[in-house]
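# Summary of the model geometry
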Amino acid sequence: MSAAPDVVVHPTKQALADAAAARLLVALVDAVADRGVAHVSMTGGSMGSEIVRSLAAQPAVDALDWDRVHVWWGDERYLPAGDQDRNDTQNDEAGLARLPLRPEHVHRVPGPDTTASAEEAAAAYAGTLRAEGGGAFDVMVLGVGPDGHVASLFPHHTAAATTGALTVAVHDSPKPPPDRVSLTVECLERSREVWFLVAGSDKADAVRRGTTGSPFAETPAAHVHGTERTVWLLDRDAATDLG
Ligand SMILES: O=C(O)[C@H](O)[C@@H](O)[C@H](O)[C@H](O)COP(=O)(O)O
């Protein structure tokens, strides 16, 4: 049984993004100091880009040896490289492209410009994870949808329950675009720490369900835990339904 998640509440969405970015910078510095390498998985959505924007603006951003950092994504929309609706494109534009990362350490999910299907892209990403993943992520940064989805694992969706695999192709996503590639729960949990970044009153019910063990089919986010720590980083609006 995983330990209960920690919950940290910040006054505003911007304060949440700034505090989470500072937390991430320190976590990556510590990972490099401890193991000589850091693996972080980023996310899409508004919070996914806001933490990148704040990270790139951190005063101590140069304290990290970015040469030793690997970047992954918890999910990706199955769209051509550079498409404006891809998570990596949005993260790049928010500031990821300005960080001195090694391009070969930025592991982008293939799109239809280089693969024939989301299934092929998922298999290729799983191969990269096995070849370069270092065995575990240090930090898994995740957003949460109002329905309790995490990455592209949606309530009552067949792909969400996938086991025995690191990645899964997702079709008919209730959140557009319809075709995606997602890490599975098993892969998301191959992380020392799992951080849920959640802002806005429209997420308050999902946060309540996610932090109180709602059934997996209803709230996939409630069933993703880090091996060492799980923390919900919230703004005040997203925390309104917590006791
Ligand atoms: O591809 C995606 O859409 C994201 O990875 C998705 O999982 C996102 O993180 C949540 O939907 C929350 O998005 P917001 O932070 O914008 O609400």
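Residues numbered from 1 in each chain as written. Predicted model: local features only at pLDDT ≥ 70, side-chain atom pairs only at ≥ 80, totals over all residues. Heavy atoms only, no water.

This is how the line gets drawn: UniProt positions are given in the numbering used here, feature names are shortened, and annotations may be inferred rather than shown by experiment.
As recorded in an unreviewed UniProt entry, the protein goes by the name 6-phosphogluconolactonase, listed as coming from Phycicoccus avicenniae. The Pathway (unreviewed entry) field of the UniProt record for the protein holds the comment "Carbohydrate degradation; pentose phosphate pathway; D-ribulose 5-phosphate from D-glucose 6-phosphate (oxidative stage): step 2/3." UniProt, in its Sequence similarities (unreviewed entry) section for the protein, records the words "Belongs to the glucosamine/galactosamine-6-phosphate isomerase family. 6-phosphogluconolactonase subfamily."

### Looking at the overall build of the protein
Note the cut-off: Only DSSP runs of H or I with at least four residues qualify as helices, and only runs of E with at least two residues qualify as strands; both kinds are numbered from the N terminus onward. Atoms considered for the radius of gyration are the C-alpha atoms alone. The globule rule reads 2.2 Å times the number of residues to the power 0.38. Only protein chains enter the area calculation, which uses a 1.4 Å probe; residues under 20% of their type maximum are buried, those over 50% are exposed, and those in between are partly exposed. Contacts were defined at the residue level, with two residues in contact if any of their heavy atoms lie within 4.5 Å.
Of the regular secondary structure elements, the protein holds six helices and nine strands. The C-alpha atoms of the protein give a radius of gyration of 16 Å, which matches the 18 Å a tight globule of 243 residues would have. Based on the C-alpha atoms only, the size of the protein along its principal axes is roughly 45 × 40 × 35 Å. Sorting the 243 residues of the protein into buried and exposed places 54% on the buried side. Counted over contacts in the protein with a minimum sequence separation of 6, partners at least 24 positions apart contribute 76%.

### Looking at the site of the ligand
Defined as follows: Proximity is defined per residue: if any heavy atom of the residue lies within 4 Å of a molecule or strand, that residue is considered near it. Polar contacts, as used here, are pairs of N or O atoms within 3.5 Å; protein pairs need one atom able to donate a hydrogen and one able to accept it. Residues neighboring in sequence count only if both atoms are side-chain atoms. Computed with a 1.4 Å probe, the accessible areas rest on the Shrake-Rupley method; for each residue, only the protein chains presented here act as cover. Asp, Glu, Lys and Arg are counted as charged, while Ala, Val, Leu, Ile, Met, Phe, Trp, Tyr, Cys and Pro are counted as nonpolar; the rest, among them Gly, fall into the polar class.
In the vicinity of the ligand lie 15 residues, with Ser-46, Asp-75, His-149, Ala-151 and Lys-203 positioned nearest. Here Met-47 contributes a backbone N or O atom positioned 3.4 Å from an oxygen atom of the ligand. Contacts to the ligand include His-149, whose side-chain N or O atom sits 2.7 Å from an oxygen atom. Considered on its own, the ligand offers 420 Å² of accessible surface; in the complex 92% of this is hidden by protein. Elements with a contribution of two residues or more to the shell around the ligand: α2 (45–56) and β4 (75–77). The greatest single-element share of the shell around the ligand, amounting to three residues, is contributed by α2. A breakdown of the residues in the shell around the ligand according to their chemical character gives three nonpolar, seven polar and five charged.

### Observations regarding the UniProt feature "domain: Glucosamine/galactosamine-6-phosphate isomerase" (unreviewed entry) in the protein
The positions UniProt marks with the feature "domain: Glucosamine/galactosamine-6-phosphate isomerase" (unreviewed entry) are residues 12–232. Between the first and last C-alpha atoms of residues 12–232 the distance is 14 Å; the span itself is 32% helix and 18% strand.

### Things to note about the sheet that holds strand β1 (residues 6–10)
We count it as follows: When DSSP finds two or more bridges between a pair of strands, those strands are recorded as paired. The axes are straight lines fitted to the C-alpha atoms, using for helices just the contacting stretch, and the angles between their N-to-C directions are given from 0 to 180°.
What the six strands build is an open sheet, ordered β1-β9-β8-β5-β2-β3; its pairing is parallel. Strand pairing shows two members of the sheet lacking a second neighbour, β1 and β3 (69–73), which therefore form its edges. The sheet shows a mean angle of 20 degrees between the axes of neighbouring strands, direction not considered. Bridge count for strand β2 (residues 38–42) against β3 is five bridges, and the pairing is parallel. In the sheet register, Met-42 faces β3, and the bridge partner there is Trp-73. Relative to the sheet, helix α4 (residues 118–132) contacts β2, β3 and β5 (137–143), its axis offset from that of β3 by approximately 155 degrees.

### Some thoughts on the side chain of Ser-152
With respect to the helices and strands, Ser-152 occurs in the loop between β5 and β6 (167–170). We classify Ser-152 as buried; its relative accessible area is 1%. Within the structure, Ser-152 has its side chain in polar contact with the side chain of Arg-180 (distance 2.9 Å). If we skip the residues at most four places from it in the chain, Ser-152 touches Asp-75, Val-170, Arg-180 and Ser-182.

### Description of the packing of α2 against helix α3 (residues 87–94)
Packed helices, taken two at a time, are described by the angle their axes make and the gap between the axes. Defined as follows: In this scheme, a crossing is called left-handed if the near helix is turned counterclockwise away from the far one by less than a right angle; it is called right-handed if the turn is clockwise.
Viewed as axis vectors pointing N to C, α2 and α3 meet at an angle of 35 degrees, and their least axial separation amounts to 8 Å. In the crossing of α2 with α3, the sense of the turn from one axis to the other is right-handed. On α3, the residues touching Gly-45, Gly-48, Ser-49, Val-52 and Arg-53 of α2 are Asn-87, Gln-90, Asn-91 and Ala-94. Grouping the amino acids of the contact of α2 with α3 by side-chain chemistry returns two nonpolar, six polar and one charged.

### Topic: the pattern of salt bridges
This is how it is decided: One speaks of a salt bridge when a side-chain nitrogen belonging to Lys or Arg is within 4 Å of a carboxyl oxygen belonging to Asp or Glu.
One pass over the structure, following the stated rule, counts 14 salt bridges. Close ionic contact of Asp-75 with Arg-180 constitutes a salt bridge, the shortest N to O distance being 3.4 Å. Residue Asp-75 is located in strand β4, and its partner Arg-180 is located in strand β7 (residues 180–183); the two are separated by 105 residues in the primary sequence. Both residues of the pair, Asp-75 and Arg-180, count as buried. Asp-205 is the partner of Arg-208 in a salt bridge, and the nearest nitrogen-oxygen pair spans 2.6 Å. Pair noted here: Arg-208 and Asp-205 are both in helix α6 (residues 204–211), with a separation of three residues, about one helical turn. When salt bridges that share partners are traced, they join Glu-76, Arg-86, Asp-88, Asp-92 and Arg-108 into one network.

### Topic: the side chain of Thr-89
Secondary-structure assignment places Thr-89 in helix α3. With relative accessibility at 7%, the residue Thr-89 sits in the buried group. Filtering out sequence-adjacent residues up to four positions away, Thr-89 remains in contact with Gly-82, Asp-83 and Gln-84.

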